[in-house]
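Listed below are the residues making up each chain.
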Amino acid sequence: MKTQSADTEYKKTACILCSINCGLEVKVGGKDGRELLKIKGDKAHVSSEGYLCNKAARLNHYQMGADRLNSPMRRRPDGTYEAIDWETAIREVAVGLQSIKNEHGGDKIYFIGGGGQGNHLGALYSTALTRTLGVRYQTNALAQEKTGEFWVAGKMFGGGGPHGDFHNTEVAVFVGKNPWQAHGFPQTRKVLNDIAKDPARSMIVLDPALTDSARMADFHLRVKPGTDAWCLSAMIATIVQENLTDVAFIAAHTRGFEAIRPHFESLDISDYAGFCDVDEELIRSASRRIAQAESVAVFEDLGTQQNVHSTLVSYLQRILWIITGNFAKKGGQNIPVPLLSVTEGAKQGASSAKPGEKPNKVSPVLGSRIIAGLLPCNEVPDEILTDHPDRFRAAIIQSSNPAHAYADSPRMREALSALEFSVVIDVAMTETAKLADYVLPASSQFEKHECTFFPVEFPRNHFHLRHPIVDPLPGTLPESEIHTRLVEALGGISQTHVSALRGALKLGRRPFALVFTALAAKNPQVMKAAPALLYRTLGPTLCDGKRAEAAPFWALCHQFARKKAQYAKSAGFEGSAWKIGEAMFETLISATSGFIYTDISDYADSWNRVGYSDKRILLHVEELFPQVQNLDKTPLQNPAGFPFVLAAGNRRATTANTIVRDGSWDSKGLASSLYLNPDDALDLGLANGDTARITTATGSATTFVEINDIQRKGTVALPNGLGIDYRRESGETVQIGIPPNELTASSSRDFFAGTPRHKYVPAQIEKV
Ligand SMILES: Nc1nc2c(c(=O)[nH]1)N[C@H]1C(S)=C(S)[C@@H](COP(=O)(O)OP(=O)(O)OC[C@H]3O[C@@H](n4cnc5c(=O)[nH]c(N)nc54)[C@H](O)[C@@H]3O)O[C@H]1N2
Ligand SMILES: Nc1nc2c(c(=O)[nH]1)N[C@H]1C(S)=C(S)[C@@H](COP(=O)(O)OP(=O)(O)OC[C@H]3O[C@@H](n4cnc5c(=O)[nH]c(N)nc54)[C@H](O)[C@@H]3O)O[C@H]1N2
Ligand code: SF4
Ligand SMILES: [Mo]
């Protein structure tokens, strides 16, 4: 079948390979009209303005992946799969989930994943399914990186998390973050170049590796792996001891400084500098630079979040910029106004089975802390492989590949195989799909409507609903349709309600809203299934059904207009709350390069989102401060036989989690190497390109080495997202690189948030 699109036409969409989702213009055509032939930056995009990095150009490797699924699959008793039709698949999956619910309760069904970097629309629709089933627990990849940070930000600010304004900052600080390769804010490389070129601005990088970002830095604090807590403590101590704090800011806007001050006043800076192996004078000068700056923006990421003292570092780096007064100002940290934040979304999805009901605070088996509605994903196997009566019996896994991406793959495979029922919704036959009872094939992110809820810009924020740019691969369905069909099969949508709503809609959207509210007040299931119900009723009226998938945004826009009218007004939406909601929704549906929904000029507005009634930031966090005080008593030591520290999974120029499964998209085949320091190479007798064996407590694997000055002596690094089993068109299966989590352990995790220490894996390296 040929699409309506001529081969010469460029269509607007976005890149899906990292959280930024840069706007794209894509020339489609080729095989069945479904290929992404030429890709360029969309200059009209409200956030990326034409910016792209090197990765976007080869997105066709995702779109045309040879292991894409084109039919629902059912597992046979012998472990092989047979294709089944959609009707059978929906019926049997609904029956499977319902029988787990009947026998053990809906709370024994675990929801894993939701969306990746650029596909969060499916997670809106899956809430209809999970709430209908009474699912109460969920996890996703955020719970192996950001949950510690979420908790700390929530505690210190009493609400939403602040984000750095890198575009305007004088001093940019990157803690365990390599923004040149990994991005993290719009137009990252342009911003980094701007900072590097401007003598009045500076960049500070804490990273054991000499990354591309570290090479651009004015101050590279090349810490010993896992010792950032000491380095940051020494930085805070420098500011306190040299009287460089912002005294007025601390007095007016914070609580608890007096409780933490004595520790930093008496801390031995040179001792701490020695511990993290950074020159004391470098620590002091970087700290002075921070204290003297008009503005400082800080980004912490996986280098510390997946490391020793993950949550402590999240706490310490915040103390650093709070005591220097870098909140609620241009170039500092600000709290954005989201349309729907990923954490709000997560909380809505599960954990509270009934609207208004209190979410669960701990996981059912281990009693681990649930943060932002998420269980530590590191611990999935421990919540399944047990005879505990509250263990999970089933899982719904969407757009996530836990058997590859979460800690300890061997144990994860065992756990997923032990489930009584499991269904995976994905575009490809992934490592995780190969363990499921049913696999439901989703249309790709270029074949349906999609969006991201990641943008956290301030004071101007945007949203971009992408339209499909090619026809769906035959046999696939978008998540909107999959979840709505499942909810219908479970009896979660009443035909009487559908008729009443459709009838009201004939009179207009206002009567529709009234009837919806009235039905919801009488029947809680209406709100539970709301996204699916809106899709079935309002959906067909949106551009003759062409924009049906956008239906849930109608409710979101009205909610935003009711609760946050002043922000919508700042972006030019005028009139009553109803008018604003309607106008936002119409704009959202039609703006193919995204639209701005908040554009305020006053940075002080961030204070409105500090949750404490006294509007003060909490500096003394009692759950974490004792650990800060006790740091010097717990020196790091590798177990005998594992002298190296392996960073299991770094971002490189041609890696993108497991979104692109076809390894040949890395045309030079360079991404899969083990980075090794020249001195270590000499000791091990390894030359460039030689094969090395990496052994950890969990497993062992081989790859070729790349000797460079990036690695600190005693450290090695593997890329993230590689070692995927990819079935080529020819039928041959290839695996390029090492799947990093064959080497990681789920027991090695943060004491507080349960996040894994993927960047600190004790390892042995040998020549093969
Ligand atoms: N190219 C590419 N870009 C991506 C992705 C991708 O797969 N590929 N994935 C996206 C995703 S999901 C995420 S979460 C982000 C992650 O983005 P980043 O966190 O920036 O990515 P990483 O390279 O995993 O880790 C960052 C740095 O941590 C350093 N590090 C290791 N040990 C330590 C330590 O002890 N202390 C300190 N201070 N640093 C240490 C490493 O040397 C590395 O340079 O990237 C996003 N962008
Ligand atoms: N050792 C180690 N492990 C890590 C990391 C590390 O640094 N080291 N990094 C971690 C980080 S930060 C992250 S974010 C995770 C990421 O790990 P995951 O959460 O598993 O995310 P992805 O690798 O992005 O996989 C997304 C899945 O979505 C599928 N997909 C793509 N498009 C669609 C779609 O439209 N619909 C559906 N239903 N599916 C789709 C892809 O085929 C893929 O299977 O990995 C983590 N794992
Ligand atoms: S991978 Fe590059 S092009 Fe794609 S969204 Fe991220 S920064 Fe933009
Ligand atoms: Mo991530």
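Reading the values: the criteria
- Residues numbered from 1 in each chain as written.
- Chains lettered and ligands numbered in written order.
- Predicted model: local features only at pLDDT ≥ 70, side-chain atom pairs only at ≥ 80, totals over all residues.
- Heavy atoms only, no water.
- Axes fitted to C-alpha atoms, helices over the stretch in contact; angles between N-to-C directions.
- Helix = DSSP H or I, 4+ residues; strand = E, 2+ residues; numbered from the N terminus.
- Parallel < 35°, antiparallel > 145°, perpendicular 65-115°, else oblique.
- Left-handed = near helix turned anticlockwise from the far one by under 90°.
- Contact = heavy atoms within 4.5 Å.
- Near = heavy atom within 4 Å.
- Polar contact = N/O pair within 3.5 Å; in protein donor to acceptor, adjacent residues only side chain to side chain.
- Areas by Shrake-Rupley, 256 points an atom, 1.4 Å probe, with all protein chains shown as cover.
- Domains from an automatic or database assignment.
- Buried < 20%, exposed > 50% of the residue type's maximum accessible area, 1.4 Å probe, protein only.
- Pairing = 2+ DSSP bridges.
- Buried area = accessible area lost by both parts, 1.4 Å probe.
- Salt bridge = Lys/Arg side-chain N within 4 Å of Asp/Glu carboxyl O.
- pLDDT = per-residue confidence, 0-100.
- Arc of directions from axis to C-beta.
- Phe/Tyr/Trp six-rings, centres within 6.5 Å; stacked < 30°, edge-to-face > 60°.
- Nonpolar A, V, L, I, M, F, W, Y, C, P; charged D, E, K, R; others polar.
- Core = buried A, V, L, I, M, F, W, Y, C linked by side-chain atoms within 4.5 Å.

Topic: the packing of helix 23 (residues 551–563) against helix 25 (residues 577–590)
Following both chains from N to C, one finds helix 23 and helix 25 inclined at 140°, their axes separated by 8 Å at the closest point. Taken together, the axes of helix 23 and helix 25 are oblique relative to one another. For the pair helix 23 and helix 25, the crossing hand works out as right-handed. Residue-level contacts link Phe553, Trp554, Cys557, His558, Phe560, Ala561 and Arg562 of helix 23 to Ala577, Trp578, Ile580, Gly581, Glu582, Met584, Phe585 and Leu588 of helix 25.

Observations concerning the site of ligand 2
In the vicinity of ligand 2 there are 31 residues, among which Asn401, Ala405, Asp426, Glu479 and Thr658 approach most closely. Gly649 places a main-chain nitrogen or oxygen 3.0 Å from an oxygen atom of ligand 2. Take Lys759: an N or O atom from its side chain is 3.0 Å from an oxygen atom of ligand 2. Bound to the protein, ligand 2 loses 97% of the 920 Å² it would expose on its own. For the shell around ligand 2, the secondary-structure elements that each account for two or more residues are strand 16 (421–426) and strand 21 (644–650). Residue assignment places the shell around ligand 2 across two domains, with domain 2 (73–144 + 341–458 + 460–493 + 529–598) and domain 4 (637–767) each supplying three or more.

Brief notes about the site of ligand 1
Not every one of the 31 residues close to ligand 1 is listed here, only the nearest: Asp207, Gly226, Asp228, Thr655 and Asn657. A distance of 3.3 Å separates a nitrogen atom of ligand 1 from a polar atom in the side chain of Lys55. Within the backbone of Gly226, one N or O atom sits 2.8 Å away from an oxygen atom of ligand 1. Considering ligand 1 on its own, with 910 Å² of exposed area, one finds that the protein chains cover 96% of that surface.

Things to note about the pairing of strand 21
Counted residue by residue, strand 21 has six buried out of seven residues, so it is predominantly covered. Bridging between strand 21 and strand 28 (residues 761–767) involves three bridges; their strand directions are antiparallel. If you follow Leu646 over to strand 28, its bridge partner there is Val761.

Notes on the domain arrangement of the chain
When cut into domains, the chain gives domain 1 (4–63), domain 2 (73–144 + 341–458 + 460–493 + 529–598), domain 3 (163–334) and domain 4 (637–767). On the domain 4 side, the residues contacting the 24 residues of domain 2 number 25 residues. In terms of surface lost to domain 4, no three residues of domain 2 exceed Arg369, Asn378 and His404, which account for 30% of the buried area on that side. Linking domain 2 with domain 4 are four salt bridges, by the criterion used here. Taken together, the connections running from domain 2 to domain 4 amount to 15 residue pairs in polar contact (both at pLDDT 80 or more). Counting only elements with at least two residues in the side of domain 2 that touches domain 4, the list comes to helix 16 (402–405) and helix 17 (409–418).

Description of the confidence of the model for the chain
Detailed reading of predicted coordinates is not advised where the pLDDT is low. Per-residue confidence for the chain averages 95 on the pLDDT scale, and 96% of its residues sit at or above 70. Low pLDDT, under 50, characterises residues 1–7; the predicted model gives this stretch 17 contacts beyond four residues in sequence or across chains.

A look at helix 11 (residues 269–276)
Because each turn of an α-helix spans 3.6 residues, side chains separated by three or four positions in sequence point in the same direction. Turning to helix 11, its buried residues are Ile269, Tyr272, Ala273 and Cys276. The buried residues of helix 11 occupy one face: seen down the axis, they fall within an arc of 105°. If you follow the buried residues of helix 11, they end up packed against helix 8 (228–241), helix 10 (257–266) and helix 12 (280–292). If you check the start of helix 11, you find a side-chain oxygen 3.2 Å away from the backbone N of Ser270, and it comes from Asp268. Where helix 11 terminates, the next one or two residues include Asp277, which has phi positive at roughly 60°.

Here's the deal with the environment of Ala529
Assignment of secondary structure puts Ala529 in the loop between helix 21 (524–528) and helix 22 (530–537). Considering only alpha carbons, one finds Ala529 and Thr130, 399 residues apart in sequence, at a separation of 9.0 Å. Once you skip the residues sitting within four places of it in the chain, Ala529 turns out to touch Ala128, Thr132, Val487, Gly492 and Ile493.

Points about the pairing of strand 28
In the sheet, strand 23 (residues 691–695) pairs with strand 28 via four bridges, with the strands oriented antiparallel. Pairing of Arg693 across the sheet is with Glu766, part of strand 28.

Topic: the sheet that holds strand 2 (residues 23–29)
Overall, antiparallel pairing links the three strands, which are arranged 1-2-3 in an open sheet. Of all strands in the sheet, those with a lone pairing partner are strand 1 (10–14) and strand 3 (35–41), marking the two edges. Strand after strand, the sheet turns through a mean of 40° between neighbouring axes, direction not considered. Of the strand pairs in this sheet, strand 1 and strand 2 are connected by five bridges, and their pairing is antiparallel. Opposite Lys11, over in strand 2, you have Val26 as the bridge partner.

Details of the packing of aromatic side chains
Under the counting rule described, the total for this entry stands at 28 aromatic pairs. Taking 6.0 Å as the distance between ring centres and 75° as the angle between the ring planes, the aromatic pair formed by Tyr62 and Phe446 counts as edge-to-face. Within this pair, whereas Tyr62 is found in helix 1 (residues 60–63), its partner Phe446 is found in the loop between strand 17 (438–441) and strand 18 (460–463), the two being separated by 384 residues in sequence. An identical accessibility class is assigned to Tyr62 and Phe446; each is buried.

Describing the packing of helix 8 against helix 10
Their axes nearest at 8 Å, the elements helix 8 and helix 10 cross at an angle of 100°. Regarding the angle of helix 8 to helix 10, the classification is roughly perpendicular. Across the interface between the two elements, Ser233, Ile236, Ala237, Val240 and Gln241 of helix 8 pack against Phe257, Arg261, Phe264, Glu265 and Ser266 of helix 10. Looking at the contact of helix 8 with helix 10 residue by residue, the class counts come to five nonpolar, three polar and two charged.

As for the environment of Leu340
Considering the arrangement of structural elements, one finds Leu340 in the loop between strand 14 (333–334) and helix 15 (342–349). Note on Leu340: relative accessible area 4%, which makes it buried. A sequence separation of 261 residues divides Leu340 from Ser601, and the C-alpha atoms of the two residues are 21 Å apart.

A few points about the nonpolar core
In this structure, Leu17, Leu59, Phe463, Phe553 and Met584 are the most contacted members of the largest nonpolar core, which totals 99 residues. Residues in contact with Phe463, not counting those within four places in the same chain, are Leu339, Cys451, Thr452, Phe453, Phe553, Leu588, Gly594, Phe595 and Tyr597. Counting residues in hydrophobic clusters, the runner-up holds 66 residues, among them Leu221, Phe264, Ile617 and Leu631.

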